[in-house]
Amino acid sequence: MSDKHPHIYNALRSLRTAALLLATGALFPAHALESDRNQPIYLEADSVFIDSAKGISTYEGAVRLSQGSLLIEADWAEIKKPAEAITQVHAKGKPVTFRQQSEIAGRNIRGNALRINYDLDSGNLTLTGSAQLWQGDDQFKGEHIVYDYRNKRVKAEGSGEAGDRVHVIIQPKGDKNAK
C-alpha cells in the first residue's frame, strides 16, 4: 500500500498518530497538587545576581527551586519577577530535573530535559531538549513536552526530523500480579 499510494499511507499514519495522542491525553492526565501554586518559592544556588530594575535574578551552580511538592534542580536558572510575584523560571542543565507529588497515590510526576521553563501564571512546565516525563510508570519522551498541571494536560512533540518521534508508554491498569 505504501508503494502505490504514499499519500494515503501517510494520511492514515498521521490519523493513527493523532488518535494515539488524543487517547494518551485521556490516559495520562497530569494530577499535580493544586495547593503547590499557593506555596512560597525557595531558591538555593552557589551564586546569585539580582537586577531589581529589570526584575530578573540569575542563579548559578547546583540551583534548587522548590514550591510545595515541586522541586526543580538545574545548573543555571533565571527568575523573572517584574512586580511583586515571580512570573517565570527558565532553567538549564545536563539535565534539568523536576518532580512533583500527584493527587493520585503512587502516580507522582517527574521529568528531565536540557531546558525547563516554568510559567507560574499559566501553570505550564515546558521541557525542551531530550525531554522525558513520567507519571507513575507511564512515560512520555520527545523533543518538546508541555506539562499543564492546572488543566491536567500533557502535550509532546518530536523535533520534526526524520525518526525523531514522540514515544509513549502506558502501563496497564489493575492488579499487576493478576494472570
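What you see is a predicted model, and the numbers here were worked out from it, not measured in a lab. (Residues numbered from 1 in each chain as written. Predicted model: local features only at pLDDT ≥ 70, side-chain atom pairs only at ≥ 80, totals over all residues. Heavy atoms only, no water.)

**Remarks on the overall build of the chain**
Convention followed: Helix numbers and strand numbers start at the N terminus; a helix is a DSSP run of H or I with at least 4 residues, a strand a run of E with at least 2. Only protein chains enter the accessibility calculation, which uses a 1.4 Å probe. A residue is then buried if its area is under 20% of the maximum for its type, exposed if over 50%, and partly exposed in between. When checking whether two residues touch, look at their non-hydrogen atoms; a contact exists if any pair is within 4.5 Å.
Of regular secondary structure, the chain possesses 1 helix and 10 strands. Each helix (α) and strand (β) of the chain, taken in turn from the N terminus, gives the series α-β-β-β-β-β-β-β-β-β-β. Relative to its full complement of 179 residues, the chain shows a buried share of 35%. Residue pairs in contact within the chain that sit at least 24 positions apart in sequence constitute 44% of those at least 6 positions apart.

**Let's talk about unusual backbone geometry**
Here the amide bond leading from K94 into P95 is cis, since omega sits at -5 degrees, within 30 degrees of zero. Phi at A62 takes a positive value of approximately 45 degrees, unusual for a residue other than glycine. For S130, which is not glycine, the phi torsion reads 50 degrees and is therefore positive. Here S130 shows up in strand β7 (residues 124–135).

**Here we look at the packing of aromatic side chains**
For clarity, the threshold we go by: Pairing of aromatic rings covers Phe, Tyr and Trp, the last counted by its six-membered ring, and requires centre-to-centre distances within 6.5 Å; plane angles under 30 degrees mean stacked, over 60 mean edge-to-face, and any other angle means tilted. For a Lys NZ or an Arg CZ to count as sitting over a ring, it must be within 6 Å of the ring centre and within 35 degrees of the ring normal.
In total, this model carries 1 aromatic pair according to the counting rule given. Ring geometry for F98 against Y147: centres 5.7 Å apart, planes inclined by 25 degrees, an arrangement best described as stacked. Here Y147 lies in strand β8 (residues 138–148) and F98 lies in strand β5 (residues 88–100), a separation of 49 residues in the sequence. Neither residue differs from the other here; F98 and Y147 are each classed as buried. In this structure, K92 is placed above the aromatic ring of W76, and the distance from its NZ or CZ to the ring centre is 5.1 Å.

**Regarding the confidence of the model for the chain**
Residues shown with low pLDDT carry predicted positions that ought not to be read at fine detail. To keep it simple, the criterion reads: What pLDDT reports is the predictor's confidence in each residue, on a scale of 0 through 100.
Summing up the model confidence of the chain, the mean pLDDT is 80 and the portion of residues at 70 or higher is 76%. Mean pLDDT across the elements of the chain bottoms out in helix α1 (residues 6–27) (41) and peaks in strand β2 (residues 47–51) (96). Across residues 6–29, confidence stays below pLDDT 50; counting only partners more than four residues off in sequence or on other chains, it has 22 contacts.

**Focus on the nonpolar core**
In a soluble, globular protein the nonpolar side chains are often hidden away together inside. Threshold: To define a nonpolar core, start from buried Ala, Val, Leu, Ile, Met, Phe, Trp, Tyr and Cys residues and group those joined through side-chain atoms within 4.5 Å.
Core analysis: the biggest nonpolar cluster contains 28 residues, and I72, F98, Y118, L133, I145 and Y147 have the highest contact counts within it. Contributing elements (two or more residues each) for this core: β3 (56–67), β4 (70–80), β5, β6 (109–119), β7, β8 and β9 (153–157). Examining the composition of this core, we find that 5 residues originate from one element, β4, more than from any other.

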